[in-house]
Amino acid sequence: MNYIAFNDLIRNTPFQVSIEEQIKESMLPFVIWGIGSLSYSIKKYMDYLGIKINCYWVDGECKLKEKEGIPILSLAEIKAKYEKINVIFGHSKYELKKELKEKCGNIQNVFCVPNVCYNRFTKMDLKFFEKNSERYFHSFSLLDDKVSQKCMIAYLQCKLSENVDYIIDIFDGELNYFRNPCFFLGKEEVYVDVGAYTGDTIELFLKETGYKYKKIFAFEPEEENFTVLKKYVEEKGLENVIVQKVAIWNKKEKLSFDLDKESSGISSDNDKKQALEIEANTLDSLLENEQVTLVKINFLTGVNESLEGMRKIMNLYKPRLA
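The shown structure was predicted, so the numbers you read here are calculated from the model rather than taken from an experiment.

What follows is about the overall build of the protein. Looking only at helices and strands, the protein has 13 helices and 15 strands in total. Relative to a compact globule of 322 residues, whose C-alpha radius of gyration would be 20 Å, the protein shows 22 Å and is just as compact. Across its three principal axes, the protein shows a C-alpha extent of roughly 60 × 55 × 45 Å. A burial count over the protein gives 43% of its 322 residues as buried. Intrachain contacts of the protein at a sequence separation of at least 6 include 67% that bridge at least 24 residues. Just so you have it, the protein exposes about 18,400 Å², and 49% of that area is on carbon and sulfur atoms. Charge separation in the protein, taken as the distance between the mean sites of 45 positive and 50 negative side-chain charges, equals 0 Å.

Right, let's get into the sheet that holds strand 15 (residues 320-321). Taking strand neighbours across the sheet as the criterion, the five strands line up as 9-8-7-14-15 in an open arrangement whose pairing is parallel. Taken across any chain shown, the strands that pair with only one partner, and hence form the sheet edges, are strand 9 (241-244) and strand 15. Relative to strand 15, strand 14 (residues 294-297) runs parallel, the two being bridged by two bridges. Looking across to strand 15, one finds that Leu294 is bridged to Arg320. Where helix 9 (residues 200-209) meets the sheet, its contacts fall on strand 7 (190-194), strand 8 (215-219) and strand 14, and the angle it forms with strand 7 comes to roughly 155 degrees. Across the sheet, helix 10 (residues 223-236) touches strand 8 and strand 9, and the angle it forms with strand 9 is around 165 degrees.

Helix length check: helix 7 (residues 146-161), at 16 residues, gives a terminal C-alpha distance of 22 Å against a target of 22 Å (1.5 Å per residue), a fit within 8%. Those residues of helix 7 that fall on the buried side of the exposure criterion are Gln149, Met152, Ile153, Ala154, Leu156, Gln157, Cys158, Leu160 and Ser161. Taken together, the buried residues of helix 7 touch helix 1 (3-11), helix 6 (126-142) and helix 8 (165-168). N-cap assignment for helix 7: the residue whose side-chain oxygen lies 3.1 Å from the backbone N of Val147 is Asp145.

Bringing the packing of helix 1 against helix 6 into the picture now. Geometry of a packed helix pair, given as the angle between the helix axes and the separation of the axes. The interhelical angle for the contact between helix 1 and helix 6, taken along N-to-C directions, is 140 degrees, at an axis separation of 10 Å. Taken together, the axes of helix 1 and helix 6 are oblique relative to one another. For the crossing formed where helix 1 meets helix 6, the hand is right-handed. Packed against helix 1, whose contacting residues are Tyr3, Phe6, Asn7, Ile10 and Arg11, the element helix 6 presents Leu126, Phe129, Glu130, Ser133, Glu134, Tyr136, Phe137 and Phe140 at the interface.

Parameters at a glance
Residues numbered from 1 in each chain as written. Predicted model: local features only at pLDDT ≥ 70, side-chain atom pairs only at ≥ 80, totals over all residues. Heavy atoms only, no water. Helix = DSSP H or I, 4+ residues; strand = E, 2+ residues; numbered from the N terminus. Rg over C-alpha atoms; globule rule 2.2 N^0.38 Å. Buried < 20%, exposed > 50% of the residue type's maximum accessible area, 1.4 Å probe, protein only. Contact = heavy atoms within 4.5 Å. Areas by Shrake-Rupley, 256 points an atom, 1.4 Å probe, with all protein chains shown as cover. Lys, Arg positive; Asp, Glu negative; His and termini not counted. Charge placed at Lys NZ, Arg CZ, Asp CG, Glu CD. Pairing = 2+ DSSP bridges. Axes fitted to C-alpha atoms, helices over the stretch in contact; angles between N-to-C directions. Expected span 1.5 Å × (residues − 1). Polar contact = N/O pair within 3.5 Å; in protein donor to acceptor, adjacent residues only side chain to side chain. Parallel < 35°, antiparallel > 145°, perpendicular 65-115°, else oblique. Left-handed = near helix turned anticlockwise from the far one by under 90°.

Structure (structure tokens):
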């Protein structure tokens, strides 16, 4: 696809009534489905619109009865309490949108809000795309396969229109960090989890490898997450799993770390007064002489610095990067 065709395709994305207008027009009770980090973003968005959230909906057992004064209910409790409801996704499994109404006849409208994290509550402006279209096309041209190119087009169309169907249509639930067409896992992986959180990605790694691996290194700097992560490893009885409470960086130093419900990470200089001080080090220092085969990194800030701090590992062992 050349630049003109790419530009025309994105610019001619059909637009719909904005999600903000759709939400404001409805007079039905609003229910956030899920109580994870995205639900926190959705709640801030609804506060920004001045619209009340009636309850949270959680599938399965939940020890919490409320969140910030708002009740957490099961689907059965919601059905009994409300005749008709609006549901807003508080998680990112938007592909469940199509089957959601079949799950509960009380649901009138389902809202997936793609422009909601980090207080960015407005969709991408067409003028912004036009101003940066050549840069977008340059990135598009660097992609190595048709599926990746389709993903980028769908992403841009979704950001412009707020219509998540663009990304749902190409979603492949079988793909993840470790199951993909780029590489295959062996039984002797030395896996490094940078930003290991509470062990969710380790769990996925173990599932994909059938619990057969050589060694796992898990790094998590936040105290509460680290405690849960360490407990997870101990309760699972996992062998050859090294857990360390440290941030990964391009040198050894103390950093300011911002505890944010949406995404914790390294703070800017302006935020240091509200941040915690944490220890940071490089992967090259922490993993000296370890023949690393696979590294996963997933957080908002510090990715470049993490890579800079593993130059030796990359040169010597050429690990796959997720």
